[in-house]
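Secondary and tertiary structure notes
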Amino acid sequence: MSATISNQPPATSNRPPATSKMRIAFMGTPEWAIPTLRVLVDSGNPVVGVFTQPNRPVGRKQVLKPSPVREWAESEGLPVWTPEQAKSKEALEVLCDLNPDVAIVCAYGQLLPQAVLDLPQMGCFNLHFSRLPRWRGASPVQAALLAGDRETGVALQKVVLKLDAGPLLAVSDPIPIASEDTSETLGVRLAELGSRLVQDALPRLARDELALTPQDESQVTHCRIIRKSQGRIDWHNEGAEQIERRLRAYTPWPGIHCFTPAGKRLQLMQVRVESGSFEPGRVYPELVIGTKAGGLHVLRLKPEGRRVMTTEAFLHGHQGLIGETLS
């Protein structure tokens, strides 16, 4: 992995003395953030504190569960804080007491106020899962899949109040998006790519060897938070290729689904695009479903209240669905 990194030093320096280690505060929450935290721990610089989201209810029983970052950090003996709001007085006091030289952020899940951004002497830097300025926002991995992008990457940018608009410290070379990639598989690859980008940039940042490059505002695209309701299929207004992209983008969450004439929910798990002319929503033999453009051959699905099954197994008990129209 190589990175696009400017080698011209900035005019002024906020780095700690050469004899010192950088004191690092880390902010992150999901599994994807752990490779970067691991790199920071292995760098030999003290990780003085880890900030992550509070325990959240998970599963049907809504059992409170700590974030993956919290579990990993505590297993390494790192001090962890879980403020409900990063802008709270208590969170600011903790961060001030920690006195970090730099803060590294990766999928933290909260917007940082200016008071937090001003605390680390060298600034706050966010690892973003796209090659900024493309796909600023909360769902860059899903957005790349939805748009049919052929490649993507990661960027390390200085955090400013405007979302993902800060100047770039480093940008990875592009990596291809595979035709079978889901947000889960692509996110895992980007997490590892991002950790290597941070590993490469961190010592250069400490030596004041990296300059910040403003983003090209003419190339900006945006993406939004994914909502559960976005998983509903619209057979009349979406083509088969668009629905297939949405399935990969929304795997593992929120998935895509539709309803039978009887109102039973069908979650599609694996599909293949078929060429031809079909009536939108109509179910054809072998469970090919018509769309606005082309057909969608369902290979695996999860009926409401049932396990995931193959199309063949499903049709054994639902032959009557052939010829019906899904909504």
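Below is a summary of the structure that appears in this document. (Residues numbered from 1 in each chain as written. Predicted model: local features only at pLDDT ≥ 70, side-chain atom pairs only at ≥ 80, totals over all residues. Heavy atoms only, no water.)

To continue, consider the nonpolar core. Among the nonpolar cores identified, the biggest contains 66 residues, and Phe26, Leu37, Leu156, Trp235 and Leu268 are the most heavily contacted of them. When residues in this core are grouped by element, the largest group, 9 residues, is from helix α6 (residues 183-206). Look past the residues within four positions of Leu268 in its chain and what remains in contact with it is Ile233, Trp235, Leu247, Ile256, Leu296, Val298, Arg300 and Leu301. Core analysis: the second largest hydrophobic core is formed by 16 residues, Ala25, Val48, Tyr108 and Val116 among them. (Core = buried A, V, L, I, M, F, W, Y, C linked by side-chain atoms within 4.5 Å. Buried < 20%, exposed > 50% of the residue type's maximum accessible area, 1.4 Å probe, protein only. Helix = DSSP H or I, 4+ residues; strand = E, 2+ residues; numbered from the N terminus. Contact = heavy atoms within 4.5 Å.)

On to the packing of helix α1 (residues 34-42) against helix α2 (residues 68-75), then. As a packed pair, α1 and α2 sit with axes 10 Å apart at the nearest point and diverge in direction by 25 degrees. When the interaxial angle is binned, α1 and α2 end up roughly parallel. Where α1 crosses over α2, the two elements pack in a sense that is right-handed. Note on element contacts: α2 touches α1 through Pro68, Val69, Trp72 and Ala73, opposite Ile34, Leu37, Arg38 and Val41. (Axes fitted to C-alpha atoms, helices over the stretch in contact; angles between N-to-C directions. Parallel < 35°, antiparallel > 145°, perpendicular 65-115°, else oblique. Left-handed = near helix turned anticlockwise from the far one by under 90°.)

A few words now on the pairing of strand β3 (residues 47-51). Counted residue by residue, β3 has 5 buried out of 5 residues, so it is predominantly covered. Bridge count for strand β2 (residues 24-28) against β3 is 4 bridges, and the pairing is parallel. For Met27, the partnering residue across the bridge sits in β3 and is Phe51. This β-α-β element, β2 to α1 to β3, shows right-handed connectivity. Across 2 bridges, the pairing between β3 and strand β6 (residues 80-81) is parallel. Paired with Phe51 across the strands is Trp81, a residue of β6. (Pairing = 2+ DSSP bridges. Right-handed = clockwise from strand over helix to strand, strands pointing away.)

According to the stated counting rule, one finds 3 aromatic pairs in the structure shown. Look at Phe51 and Trp81: their rings are 5.7 Å apart centre to centre, the planes differ by 25 degrees, and that puts the pair in the stacked class. Taken together, the residues Phe51 in strand β3 and Trp81 in strand β6 connect sequence positions 30 residues apart. Above the ring of Tyr284, the side-chain terminus of Arg282 is found at 5.7 Å from the ring centroid. (Phe/Tyr/Trp six-rings, centres within 6.5 Å; stacked < 30°, edge-to-face > 60°. Lys NZ or Arg CZ within 6 Å of the ring centre and 35° of its normal.)

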